[in-house]
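Structural overview
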Amino acid sequence: MIDIKFAEKDTKIMSQEPLIIPSFQELQNIMDSCCSEDVEAALHADHVGIKGLAALLSPLAHDYLGQMATRSQEITLRRFGRTVQLYAPVYLSNFCTNRCAYCGFSAENKIDRRILTLEEVEQEVDILYKRGFNHILLVSGEAPKKLGVDYLEKVALLMRGKFAAVSIEVQPLSTEDYSRLFRAGITAVAVYQETYERGIYDQVHLAGQKCDYDFRLETPARCAEAGMREVGIGALLGLADWRLEGLALGIHLAWLRKQYWRTALTVSFPRLRPAAGGFAPLLNVSERDLTQMVFALRIFDQDVGLLMSTREEARYRDGMLGLGPTRLSAGSCTAPGGYANADSGGEQFSVGDERSLVEVCAAIRKIGLDPVRKDWDCEFQVGKS
Amino acid sequence: MLEIAGRKFRSRLFTGTGKFSSSEVMRQALEASNSEMVTVALRRVDLNDPGDDIMQVLDREKFFFLPNTSGARDAQEAIRLAKLAKASGGGNWLKLEVTPDPRTLLPDPIETLKATEELVRDGFVVLPYMNADPILALRLQDVGAAAVMPLGAPIGTNKGLLTRDQVEIIISQAKVPVVVDAGLGAPSHAALAMEMGADAVLVNTAIAVAGDPVAMAIAFAKAVEAGREAYKAGLGTQGSEASASSPETGLGFLR
Amino acid sequence: MEIIVNGENKNIDSGTSVEGYLKTLDINLETVVLECDGGILKRDEYPVRILKEGSVLEVIRFIGGG
């Protein structure tokens, strides 16, 4: 067993190539070895190690949520200023060859399936552009034969010059393919492990490429290798114990930082939402749990971008403004073609915050933050050929 | 145990061999320091007085020689010295120093990066001496440096860890060992660097010019050990406010 | 004839080998490295390498340094 206690041992984990995520039993042991002094130390430290993160995620930190909020807010303000970035997802396709128990796009679900034509993509992104969005996240199910790199490259070139940042959340690709998309103007990639617990991973991924845990785990490293400006990781909350999921996520994050110092990193905290297929979360993750996880990750990594999507309700997202999250989606529709045609069916999940961009911006301004819709121009990026 | 390029070191105190009043004092001080890695320079033999030979004073079973390229003003000169050092039986390890400014002896980042890249390609184990610049440390690591050696303060100043914040970033980011070099003037400076998580420190002037170099070498050895132990033990954090629970003001929105 | 050793002009007999010249100095050959006209000499070259008029010889070894 790896005894992750203090800095020296953290170094050992961070220097592994490739990364091996400790088993959840090992992570549990680390967490069990924490005491409230570890929580207090982590709350006051400039550098928080794995043990400190474990303490902040543990039940012991329950009584410290107020202090964690204060610390998380202070760090977020210092590192990111009085700003919140905004983005909108564009669903390109809901075809999927995977069978994932929790996902509305899962291959066996009987939903309307479609892939947008390039004209339709243009229509969708034009609508978002006119609404004031400059950061777009392109999302699709995983069906490489219908939606491959050629298609993504065409979409990227079509959007290039108009949008400041275009990221993708699609099937894992090869390093070469990521380089190609970077040159075409894709700035970032999001690829979530969903769960870092291997047993549960196997249990919910029933068929398709996604069954390969390790291939997926290694994907963020390939994105960084290919020169992507930013890579996003995350875990789907409601599958395995969120505390240990958070610890595994922190280890993955710190390892990526150590190995790929040129790459900016973000973390998402998607809680399971109602979706086609009617999957019931294996465990309940409360708002309080989610909040503790957000604060813990912020205190653990002061520079990581933290995303809060419209999976969460308006009340919660407004409450969390300035406390940790740095980027929000807004006015999202999770069905392909849904911006141009509100009746489009086949959504990935139903959203919890249905406000428009204008309304979300107003909420952000109301508490004295600046909604930022642009902070890079993908036109500038060159890439290795 | 400290490991650099596959070689293990029990002692995390590296020592320089310059500026001692005599070879004998140097030998005694270095033996007292328990140091296993000593840096040496390369120079022309004084034809009129070829006697004093460092190789014969120091037991090479006990001390691993790390030849430096001191005096080199650019990458080319450093590479020439590196080849001479190797031919002198110095092995393929090298403390790369490129210092174009004779006044401050501060390292040239651009030439250092160039020389590191080329020497690594030629099979050298390169430990570059560098200013405490975190990005430079990463760039040197990326081209294959076996360790990085950021300075604590300009060489010979004894001012201590003036570059503390930068060194802290270097330690947190580097994959290769970080050896704090230059400027450490007192055992407390060395202890601080070690407490912060430096993998080793290199000390020369502070020992060589001390009133009693042997006693000072022992003091540095203890400080380095103490600092390392403290780092491993996990330092408590500073700060006075600590109440077990604080009101959750601002979290009223939670359901 | 004249050669330059460590920057100083020295007079030697023509036909002298590197080893032959070094023996006139009080130097432990095992602890030095030689560079002759810009190239490093291996130990087995010392007896066979003949110094020429104007040869530049560098006799180098480790000294104390930080």
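The rules behind the values
- Residues numbered from 1 in each chain as written.
- Chains lettered and ligands numbered in written order.
- Predicted model: local features only at pLDDT ≥ 70, side-chain atom pairs only at ≥ 80, totals over all residues.
- Heavy atoms only, no water.
- Contact = heavy atoms within 4.5 Å.
- Helix = DSSP H or I, 4+ residues; strand = E, 2+ residues; numbered from the N terminus.
- 1 Å grid on protein atoms, 1.4 Å probe; cavity = no way out; pocket = protein on both sides within 12 Å on 5 of 7 lines; lining within 4 Å.
- Points joined across faces, edges and corners; volume = space filled by probe spheres on them.
- Nonpolar A, V, L, I, M, F, W, Y, C, P; charged D, E, K, R; others polar.
- Polar contact = N/O pair within 3.5 Å; in protein donor to acceptor, adjacent residues only side chain to side chain.
- Disulfide = S-S within 2.5 Å.
- Expected span 1.5 Å × (residues − 1).
- Buried < 20%, exposed > 50% of the residue type's maximum accessible area, 1.4 Å probe, protein only.
- Arc of directions from axis to C-beta.

Inter-chain contacts occur across 2 pairs of chains; the most extensive set of contacts lies between chains B and C. There is no contact between chain A and chain C; across them, the least C-alpha separation is 28 Å.

What follows deals with unusual backbone geometry. Backbone torsion omega between E17 of chain A and P18 of chain A reads 0°, so that peptide bond is classified as cis. Positive phi values are uncommon outside glycine, yet K19 of chain B reaches one of about 70°. Phi at L105 of chain B takes a positive value of approximately 55°, unusual for a residue other than glycine. Within the fold, L105 of chain B resides in the loop between β6 (93-96) and α4 (109-121).

So, on to empty space enclosed by the protein. Residues and elements named next belong to chain A. Scanning the entire structure with this criterion turns up 1 cavity of 30 Å³ or more. When its volume is computed, the largest cavity comes out at roughly 640 Å³. Lining of the largest cavity is provided by 43 residues; of these, Y91, E169, Y192, R311 and Q348 occupy positions nearest its centre. Mapped by element, the contributors of at least two residues to the lining of the largest cavity are β1 (83-93), β3 (135-140) and β9 (305-308). The residue inventory of the lining of the largest cavity, partitioned by class, reads 22 nonpolar, 12 polar and 9 charged.

Residues and elements named next belong to chain B. Structurally, E111 can be placed in helix α4. Looking at E111, its side chain comes within polar contact range of the main-chain nitrogen of A75, at 2.8 Å. Excluding its chain neighbours within four sequence positions, the residues that come into contact with E111 are D74, A75 and V98.

Let's shift gears to the environment of V57 of chain B. Residue and element names in this part refer to chain B. For V57, the position within the fold is in helix α2 (residues 54-57). Sequence spacing of V57 and Q28 is 29 residues, and the spatial spacing of their C-alpha atoms is 9.9 Å. In this view, V57 contacts S23, M26 and R27; residues no more than four positions away in its chain are not counted.

What follows concerns the state of the cysteines. Throughout the structure, instances matching the rule amount to 0 disulfides over all chains. Free of any disulfide, C211 of chain A has its nearest cysteine sulfur in C100 of chain A, 7.4 Å distant.

Given 3.6 residues per helical turn, the α-helix brings residues three or four places apart onto the same face. Residue and element names in this part refer to chain A. Counted at 1.5 Å a residue, the expected span for helix α6 (residues 118-131) with its 14 residues is 20 Å, and the 20 Å between its end C-alpha atoms agrees. The set of residues buried in α6 consists of V121, E124, V125 and L128. Each buried residue of α6 sits inside an arc of 90° when the element is viewed along its axis, so together they form one side. Exposed residues pointing more than 90 degrees away from the buried face of α6 are listed as E119 and K130. Residues of α6 that are buried in the fold lie against β1, β3 and α7 (149-159). Residue G132 follows α6 closely and has a positive phi angle near 105°.

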